[in-house]
Each structure stands twice: as structure tokens, then as C-alpha cells.
Amino acid sequence: MMDRKECLKAIARHVTDTDIVLPVYSTAFDWIDIRPSALNYLSHGAMGLASSHALGLALGRPDRRVIVLDGDGSLLMNIGTLVSIAEAAPKNLYHFVMENGTYEANGGHPIPGKGAVSFAGMARAAGHKNVHEFADLKVFDQQAGAILADPGPVFTCLKIVSSGEQQRDYSRLHGPHVRQAFRDAIGAK
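Residues numbered from 1 in each chain as written. Predicted model: local features only at pLDDT ≥ 70, side-chain atom pairs only at ≥ 80, totals over all residues. Heavy atoms only, no water.

**Brief notes about helix α2 (residues 25–34)**
Here's step 1: Of all ten residues in α2, eight are buried; the element is thus mostly enclosed.
Here's step 2: What α2 keeps buried is the set Tyr-25, Ser-26, Thr-27, Ala-28, Phe-29, Asp-30, Trp-31 and Ile-32. (Buried < 20%, exposed > 50% of the residue type's maximum accessible area, 1.4 Å probe, protein only. Helix = DSSP H or I, 4+ residues; strand = E, 2+ residues; numbered from the N terminus.)

Structure follows, in C-alpha cells:
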């Protein structure tokens, strides 16, 4: 099992200033500390929809790499998105799922099927051809760059430990200034 922040640091080393990143819930707080950017698409309040938003952005902006940093509980709320992404097959979409077996942002309650569900298996069954799964940080760190260099869509499940209960300041993720910064950045050439 890996630490989420260390996984995010491994990904961040390969993210460019033109990439659009969609981090969700607990991951969003860690991500904006590790790699602040106006192109971080923060969609709190839309649990389960980050992968759908990422698909729309990938199709609408094929000139940019789109990276979604999803949670296992979030993906379970919209599992059909795996089929939609596989069928649309955007070459610029990279879907990372942080699997910790809990709805961490909502009190740490266990997800249905904790320990029995194979997210990588579901992605394969949905038609994804480029699927990865990691539980060893050293191995993931060595392969993160290659994963983000492959043509998408790419699905990667990262088995992480839960961070436990957290006090989060959601004002860092909301507000007109955050939305406006993203609109300005996404409209830039």
C-alpha cells in the first residue's frame, strides 16, 4: 500500500503547465499543495463526476493532456463512465484512481465491495486496453512517466492507505476566483 501524497508527487513530476488536472475530494487538497495551477479543475460537490468531466474536457481540448485523480468511492458512483471513456477512446485522457477502500472525504466509511472489487478488472471489462495497477510506490514512481507518455485512454489504479480523518478548508477549492482562473487558463492557447 502506498501513501497518496507520494503517488501524487510521482505524477506531478511528469505534469506540464498545459495539462488539465481534475483532482477530487481529499486528493484535491494534497494536489493543490503539491502542484498549484490555474488548470486544476476543482469540481467538489459533483462526487462521481470527475471522470465524466475529464472525458468532456479531453474531447473538447484534444490539444491538452487531461489527468483525472479520482477516488474509488467517487468512481463507484459513476462506474458507467469507464464504458463511455473506453468507447470514446480519447488519446489525451489519463485516469488515476486512488483506491483506499473508503469514502474518505465523507467520514471514512467503507466503500461497497471493499477489498473484493477490482477497479483495474472493471476498466478492462469496460474496454480499456491500457490498464495498470500498483501497490508499490517504488515501482509506480519508476513507471509514472511512461504511463503519462502512452497514448490514452490510460486507466491506473493506485492502492493507497487511507489518510484517516481530516479537517479541510473547502474555501481553498471554491469561489469565483478559482472558477475564473480556470476559465482564463483553459481559454489560453
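**Let's talk about helix α5 (residues 81–88)**
Here's step 1: Every buried residue belonging to α5 is among Thr-81, Leu-82, Ile-85 and Ala-86, and all of these are buried. End-on, the buried residues of α5 take up no more than an arc of 135 degrees, which puts them together on one face.
Here's step 2: In this structure, the buried side of α5 is in contact with α3 (50–60), α4 (72–76), β3 (93–99), α6 (119–125) and β7 (154–159).
Here's step 3: Downstream of α5 by one or two residues, Ala-89 has phi in the positive range, about 50 degrees. (Arc of directions from axis to C-beta. Contact = heavy atoms within 4.5 Å.)

**Things to note about empty space enclosed by the protein**
Here's step 1: Tallying each qualifying case throughout the model produces two cavities of 30 Å³ or more.
Here's step 2: Looking at the second largest cavity, its volume works out to about 30 Å³.
Here's step 3: Forming the boundary of the second largest cavity are Val-15, Thr-16, Asp-19, Val-21, Trp-31, Arg-35, Ser-37 and Asn-40.
Here's step 4: Considering only residue class, the lining of the second largest cavity consists of three nonpolar, three polar and two charged. (1 Å grid on protein atoms, 1.4 Å probe; cavity = no way out; pocket = protein on both sides within 12 Å on 5 of 7 lines; lining within 4 Å. Points joined across faces, edges and corners; volume = space filled by probe spheres on them. Nonpolar A, V, L, I, M, F, W, Y, C, P; charged D, E, K, R; others polar.)

**A few points about the nonpolar core**
Here's step 1: Core analysis: the largest hydrophobic core is formed by 22 residues, its most contacted members being Ile-11, Leu-69, Phe-96, Phe-140 and Leu-158.
Here's step 2: Where this core is concerned, the elements lending two or more residues are α1 (4–12), β2 (66–71), β3, α7 (137–149) and β7.
Here's step 3: Of all the elements, α1 adds the most residues to this core, at five residues.
Here's step 4: Residue contacts for Ile-11: discarding those within four places in its chain leaves Trp-31, Leu-69, Phe-96, Met-98, Phe-140, Leu-148 and Leu-158.
Here's step 5: Val-24, Leu-55, Val-66 and Val-68 belong to the second largest nonpolar core, which has 17 residues in total. (Core = buried A, V, L, I, M, F, W, Y, C linked by side-chain atoms within 4.5 Å.)

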